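Residue-level structure breakdown
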Amino acid sequence: MLKSVFTPSRDSILIRYSYHSTRSGKPAHWLPLLMLVWTVWVFFVPLFQTGEEFRHWLWPTLASFAVFLWLYWRIYYRSSTQVLRCAWAIAVLGLALTPLNPGVQCYVIYACAYFPSSGSTRRALINVFALLVLYVVEWRFVLDFDWVYLANGILISLAIAFMNLNFVRKQQREVELRLSHEEIRRLAATAERERIGRDLHDLLGHTLSLIALKSELANRLFDRDTATAKREMAEVERVARDALAQVRRAVTGIRAAGIAAEVVSAKLLLEANGVRLDCALADVCLPMEIETALAMAVREAVTNIQRHARATQVRIVLAVSAGNAALSIEDDGCGGAIVPGNGLGGM
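Okay, so let's go over this structure. (Residues numbered from 1 in each chain as written. Predicted model: local features only at pLDDT ≥ 70, side-chain atom pairs only at ≥ 80, totals over all residues. Heavy atoms only, no water.)

1. Looking at the pairing of strand β3 (residues 324–331)
Each regular strand shows side chains that alternate between the opposite faces of the sheet. Defined as follows: A strand pair is defined by DSSP finding two or more bridges across the two strands. Only DSSP runs of H or I covering at least 4 residues are called helices, and only runs of E covering at least 2 are called strands; the numbering of each starts at the N terminus.
Here strand β2 (residues 313–321) pairs with β3 via eight bridges, running antiparallel. Each bridged residue has a counterpart across the sheet, and for S321 the counterpart in β3 is N324. Linking β2 to β3, which pair antiparallel, is a turn of two residues; within it A322 sits at a positive phi near 50°.

2. Comments concerning the packing of aromatic side chains
What counts here: Ring pairs are drawn from Phe, Tyr and Trp, using the six-membered ring of Trp, whenever the two centres fall within 6.5 Å, and their geometry is named by plane angle: stacked under 30 degrees, edge-to-face over 60, tilted for the rest. Each residue's exposure class comes from its accessible area (1.4 Å probe, protein chains only) as a fraction of the maximum for that residue type: buried when under 20%, exposed when over 50%, partly exposed otherwise. Both a distance and an angle decide whether a charge sits over a ring: NZ of Lys or CZ of Arg must be within 6 Å of the ring centre and within 35 degrees of the ring normal.
If you walk through the whole model with that rule in mind, you get 14 aromatic pairs. Ring plane angle 75° and centroid distance 5.3 Å describe the contact between F43 and F65, whose orientation is recorded as edge-to-face. In this pair, F43 is assigned in helix α4 (residues 40–47) and F65 in helix α5 (residues 58–77), connecting sequence segments 22 residues apart. When its relative accessible area of 17% is taken as the criterion, F65 is described as buried. Feature note: the residues F43, W57, F65, F68, Y72, Y76, Y107, Y110 and Y114 constitute an aromatic cluster, connected by ring pairs. Just above the ring of F141 sits the side chain of R140; from NZ or CZ to the centre is 5.2 Å.

3. A short note on the pairing of strand β1 (residues 276–281)
Going by this rule: Note on handedness: a crossover is taken as right-handed if, strands pointing away from the viewer, the path from the first strand over the helix to the second is clockwise.
Pairing between β1 and β2: six bridges, direction parallel. Bridge pairing in β2 links D278 to R315. At this point the chain moves from β1, through helix α12 (residues 288–309), to the parallel β2, and the crossover so formed is left-handed.

4. Structural notes on a nonpolar patch on the surface
Selection criterion: Each patch is built from salt-bridge-free residues with over 30% relative accessible area, joining like charges within 9 Å and nonpolar side chains (Val, Leu, Ile, Met, Phe, Trp, Tyr) within 5 Å. Note on areas: Shrake-Rupley, 1.4 Å probe, and residue coverage restricted to the protein chains presented here. Note on definitions: salt bridges are taken to be side-chain nitrogens of Lys or Arg within 4 Å of carboxyl oxygens of Asp or Glu.
Nonpolar side chains collect at one region of the surface, where W30, L34, V37, W38, V40, W41, F44, L47 and F48 lie side by side and expose about 990 Å² of accessible area between them. Those elements that place two or more of their residues in the nonpolar patch are α3 (30–35) and α4. For the nonpolar patch, the element with the highest residue contribution is α4, accounting for four residues. Tracing the backbone shows W41 in helix α4. Among the residues examined, W41 registers a relative accessible area of 45% and is labelled partly exposed.

Have a look at this one:
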């Protein structure tokens, strides 16, 4: 039961924030707990006030805090379409309880913090400023507190709202960048398939037509001129063997990987995950089998870095001297347990 309660919806902001905080795909349940730290001011402010001005603050504050926790849970663990409604409900709690406890201005700050996750930038700013206007009106006509509370609440609310707005916009840019990278890879794969199709058509179209014609001729000559028919079948065999050799050469060329192309692909993969890639490749023409081996090593290493290293920077260096090629791949990640796999061994 408890597990289902704390299983976030697929479109919840907890899942969205977890990707950018942990890059593991697992919900970062510590994040909502960490963000609750600031609610201590809801209780600290009236406790440290002197006099009898806020003597009736405790029970209304406890009741409001229970409602706040429920709304807070819905913001993080339920659909992001509910964020705006829940944020405004938290804001109303803050506005309603402020006369009894100025510390509940925390609720107003929390509401401003979650408005950026409720929609577009324009929509978020409209909600933030609308709430702060209501807050100022309440302080002007309803409350009789020191204005330092108002200035503190407005400044912190604006600072956190703009900080979260910048975070949300950064998320959106990363998503757009990732989609553009995926589109580039899709278009490249489509172009490669079309190229292979054209190559195979050009390679095999004429050869297969020639085989069909000679086979038909040999079949017609079989009863009348056996010797000629045998020569035609021998020619069919030669043409077929030549075609097979051409196909094998073509497949070898298709399977061969260029190290420059592999580095470009690695850059797309790493930068889409927030990892910077620096590379220095020697300008030299390597034999196909050596370049393919090095390119596959780059592919395997970069895949492992992206999956396991938790790195922020990667450097790839290819140096050639005295007839020897040396490939170096380094990262600043912390890695994990070394588990033997089939990657390099399989290649």
